[in-house]
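# Residue-level structural notes
Residue strings, one per chain:
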Amino acid sequence: MRKNISSGSPLEPKIGFSRAVRVDQHVSVAGTAPIPQEGGAAPEGCYAQTKLCFEISRTALEAAGASLEDVLRPRIMLTDLNHWEEAARAHGEVFADIRPVCTFVEVSRFIDPAWVVETEVDAVVT
């Protein structure tokens with residue numbers, strides 16, 4: 001069983017991807033940028049952007065029949081690793097009781113130069 005989940009992002013059809021895909025018990029949420037649902041600019045700061053990325057991922061997980069509690073691995077990609085503590089604070093607020101494995105990496109840039117963070121999430125529905 002495969003289920004593709006769309007977030008309505010205008011980038012999905014242009015690039016040819018889904019926000020999330022569920023196959024059997026496995027759910028993967030694509031690289032998620034801090035794009036507000038109502039459009040417009042990303043919020044200022046790494047913390048706010050990371051929170052928004054996880055909120056978008058939560059919505060995608062729920063549409064796939066999963067929840068944050070099913071997350072095994074979030075990945076946090078930052079354009080400046082010096083801001084890892086802001087991203088970590090947002091991660092901790094979302095996952096403190098769940099305690100998934102987690103990876104932080106630095107990347108050179110994203111599609112929009114205003115984005116300082118993107119996240120990915122993998123989950124298994126139990």
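Scroll up to find the structure this text is about.
Below you will find a few notes about this structure. (Residues numbered from 1 in each chain as written. Predicted model: local features only at pLDDT ≥ 70, side-chain atom pairs only at ≥ 80, totals over all residues. Heavy atoms only, no water.)

This part is about the sheet that holds strand E5 (residues 103-106). The strands making up a sheet associate through hydrogen bonds between their backbones, and the pairing can be parallel or antiparallel. Strands sit in the order E1-E2-E3-E6-E4-E5 across an open sheet of six strands; the sheet is mixed. Here the strands that pair on one side only, and so sit at the sheet edges, are strand E1 (2-5) and E5. Direction aside, the axes of adjacent strands within the sheet are offset by 10° on average. Looking at chain direction, strand E4 (residues 71-78) and strand E6 (residues 117-124) are connected through seven bridges and run antiparallel. Residue pairing across strands places Leu78 opposite Val117, the latter belonging to E6. Of the strands in this sheet, E1, strand E2 (20-23), strand E3 (26-32), E4 and E6 touch helix H2 (residues 46-63), which is tilted by about 30° from E6. Helix H3 (residues 84-95) contacts E4 and E5 of the sheet and is inclined by roughly 160° relative to E4. (Pairing = 2+ DSSP bridges. Helix = DSSP H or I, 4+ residues; strand = E, 2+ residues; numbered from the N terminus. Axes fitted to C-alpha atoms, helices over the stretch in contact; angles between N-to-C directions. Contact = heavy atoms within 4.5 Å.)

These values are about where atoms sit, not about what they do.
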